[in-house]
Every structure is written in C-alpha cells, then in structure tokens.
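# Observations on the model geometry
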Amino acid sequence: LQSGGSNSSPAQESSIVHMSFETFKSQNEDEPEFHNLMQIDFSEGMRFVYIHQLWMEMFDYFFEGILGHAVWATKPKPSAHMFNPSEASRAFKRTRMSIKMDQPLLLLPVCYRSPHHIRLGLSALTVASHFTHEHMNKKEGKLTDWRQWFHNCVLDMQGLDLRSWDERKLNEVAEDAEPPSLTLNIRWPVGPSAPLIKPKWNVAGTVDPLVLALSRKDFSLFRFFASHNLLEPSRFLSK
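Let us look at the structure shown here.

Once that is clear, we can look at the packing of aromatic side chains. Summed over all chains, the structure comprises 3 aromatic pairs. Aromatic side chains F42 and F48 sit 5.8 Å apart centroid to centroid with 85° between the ring planes, which places their arrangement in the edge-to-face category. Note on F48: relative accessible area 16%, which makes it buried. Note that R94 overlies the ring of W149, its terminal NZ or CZ placed 3.8 Å from the centroid. In this arrangement the basic side chain of R187 is found over the ring face of F150, its NZ or CZ atom lying 3.8 Å from the centre.

In structure tokens:
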C-alpha cells in the first residue's frame, strides 16, 4: 500500500504498509520450526482506533478466513471429545510472524461515537513469534505420548505515553528516567493435538514502574473505556 496520488513521482510516494511472505522447504529429515515467514512493517506515526468488537472480528477474519483451513487446505481442528489419536503426529504448516511499528498512536475511545478517548503513544512496537515443542507424556483418551507444538508471541511496547483526548499527560516520567515499557509473552498450543492442552492460553507480562496522575474525570475515562469498550458483551454469544 502506498500513499500519494496517481501523478506522484516514485520519490514522493511513501509506503504505508510493507508486507512480505516467504515459504521455506525443509533441508533435512528433521521437522523445521516454521514453514512460512510473514513480515509486516508499518510507516512511522500511524494511528489506530481500538474498538474491541471490531478488532476481534478482524483478528477472526484474518486467522480463520485468510489463514484458515480453506487457504491452507488443512482439516479443521477436532474438538477434544472427538479427537482422533492418529492425527497427533500429522504434519502441519507453521507461520512465523514479525511486525514492526515506529511511533504508533493508539486511540482508545469510550465507545463507537464518543469523542472522549485515551491516547496511547509509543516510541516503538514490535511483535515477534517463534515455535517450540514439548514432549507430552500423559493420558488423554487413547493418546499417551506425543510431541506438542506451541506458538510463542512476544509483544514489546517501548516508550509509553498516556494522554487524554485534550492532550493532558496522564503518566509522569522523571527528568532523568526513560519512559516506561511493557512486554507481553503469550503462548498457546497449535496443531492437531492443540485441543488437548488445558488451559489454552499462557500470558505473562512485565511493565516498568508506571506513575499515573489522574483526576476524577481521568479515572472515569479509564473506567468507562473498560466497561463500554473493552468489556462490551460479545454479539456472538448466542451463536
């Protein structure tokens, strides 16, 4: 994707998003860590509006629609109570991801039409993933011994800067200190035997000391964002 009109010269055009997708063939008999590599680089200073329902729909469309079974010609994951032990050793494709953003701005509105929002600025945001496997030795139905693959994702947010919609700064940083950072490590099972792993998600995070200076209005802003946006009841609960 590129910005600029149709009459712009190549020197005047700038890339909004640069995405590459590579596939690799195994060079030996050992099963490789990953088969595909997807890299996405966003241009500097991009803005994103976070509406929880819409972002969840986008993630679902991307992983189930674009990278789903119809594209990869794979079988849907069976449920745990219908799991076929013979499927545990079936080979499957793994895609490693790398996403980079410089100075992104995330707008967190109270709700769809509200002008009130939290402005989360970052000096940099990176998302990197890799795959690991473990030898499982426990009885799950007729399956007692198998290799289980896990997708590990590291979300690194550098230079957090919190402001209200009217540009009032909400976090305090000492003059001789660096802005705080946040790192999230997320791990979940993948592959035919993934439904057997409970619980599914393993999330761990570390955050630098964060000092907030909130008025009653600022505190209400955080509370309303959580209740009306982040924790909005899913419209798919009845399906």
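Don't stop here, the text continues.
Attention now goes to unusual backbone geometry. That bond from K198 to P199 is cis: its omega, -5°, falls within 30 degrees of zero. Structurally, P199 is set in the loop between β13 (182–190) and β14 (202–207). Backbone geometry places Q103, a non-glycine residue, at a positive phi of 50°. Accessibility expressed as a relative area gives 44% for Q103, which makes it partly exposed.

Taken together, the side chains of V207, L210, L212, L214 and F219 define a hydrophobic patch exposed on the protein surface, amounting to about 430 Å² of accessible area. Mapped onto the secondary structure, V207 falls in strand β14.

On to the sheet that holds strand β11 (residues 161–164). Pairing in this open sheet of 4 strands is mixed, and the strands run β5-β7-β8-β11 from one edge to the other. Both outer strands of the open sheet, β5 (47–49) and β11, are each paired with one neighbouring strand and no more. Each neighbouring strand pair of the sheet contributes to a mean axis angle of 20°, computed without reference to strand direction. Judged from the 5 bridges that link them, strand β7 (residues 105–109) and strand β8 (residues 117–121) form a sheet pairing that is antiparallel. Its bridge partner being in β8, L107 is matched across the sheet by R119. The strands touched by helix α3 (residues 216–230) are β7, β8 and β11; relative to β8, the strand with the most contacts, the crossing angle is about 95°.

Parameters at a glance
Residues numbered from 1 in each chain as written. Predicted model: local features only at pLDDT ≥ 70, side-chain atom pairs only at ≥ 80, totals over all residues. Heavy atoms only, no water. Phe/Tyr/Trp six-rings, centres within 6.5 Å; stacked < 30°, edge-to-face > 60°. Buried < 20%, exposed > 50% of the residue type's maximum accessible area, 1.4 Å probe, protein only. Lys NZ or Arg CZ within 6 Å of the ring centre and 35° of its normal. Helix = DSSP H or I, 4+ residues; strand = E, 2+ residues; numbered from the N terminus. Patch = residues over 30% accessible without salt bridge, like charges linked within 9 Å, V, L, I, M, F, W, Y side chains within 5 Å. Areas by Shrake-Rupley, 256 points an atom, 1.4 Å probe, with all protein chains shown as cover. Salt bridge = Lys/Arg side-chain N within 4 Å of Asp/Glu carboxyl O. Pairing = 2+ DSSP bridges. Axes fitted to C-alpha atoms, helices over the stretch in contact; angles between N-to-C directions. Contact = heavy atoms within 4.5 Å.

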